[in-house]
Amino acid sequence: MKKDHLEILLEDIRGKFELVLEGHETLRKEIRDTRDDLSEKIELNSSLIKVLNKKIDGVAADLTAHRNDTESHSAYRVSENKE
């Protein structure tokens, strides 16, 4: 092979290698962005779940208080089973 032909081949290989590196960098950036977006969504969902848990606990406490109030009257009985 002549030196000029070898230099052309090496330049072509270098160009293709640089394209692969650019592709990898693009993929890394996209993966980082996706990870960041998912982390934000997970944090938001965690906050919403905490709020819902507090609301559910509040409703459970209200129902317990209502049941206790209802059962304190002799005319009313709350039954767990429908037998």
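Residues numbered from 1 in each chain as written. Predicted model: local features only at pLDDT ≥ 70, side-chain atom pairs only at ≥ 80, totals over all residues. Heavy atoms only, no water.

(A) Region of the structure containing a negative patch on the surface. Where like charges cluster on the molecular surface, the negative patch consists of Asp-36, Asp-37, Glu-40 and Glu-43. Mapping Glu-43 onto the fold places it in helix α1 (residues 3–72). (Patch = residues over 30% accessible without salt bridge, like charges linked within 9 Å, V, L, I, M, F, W, Y side chains within 5 Å. Areas by Shrake-Rupley, 256 points an atom, 1.4 Å probe, with all protein chains shown as cover. Salt bridge = Lys/Arg side-chain N within 4 Å of Asp/Glu carboxyl O. Lys, Arg positive; Asp, Glu negative; His and termini not counted. Charge placed at Lys NZ, Arg CZ, Asp CG, Glu CD. Helix = DSSP H or I, 4+ residues; strand = E, 2+ residues; numbered from the N terminus.)

(B) Representation of a nonpolar patch on the surface within the structure. On the surface, Leu-6, Leu-10 and Ile-13 cluster together into a nonpolar patch covering about 280 Å² of accessible area. Looking at where Leu-10 falls in the secondary structure, it is placed in helix α1. Taking relative accessible area as the criterion, Leu-10 reaches 46% and is therefore assigned partly exposed. (Buried < 20%, exposed > 50% of the residue type's maximum accessible area, 1.4 Å probe, protein only.)

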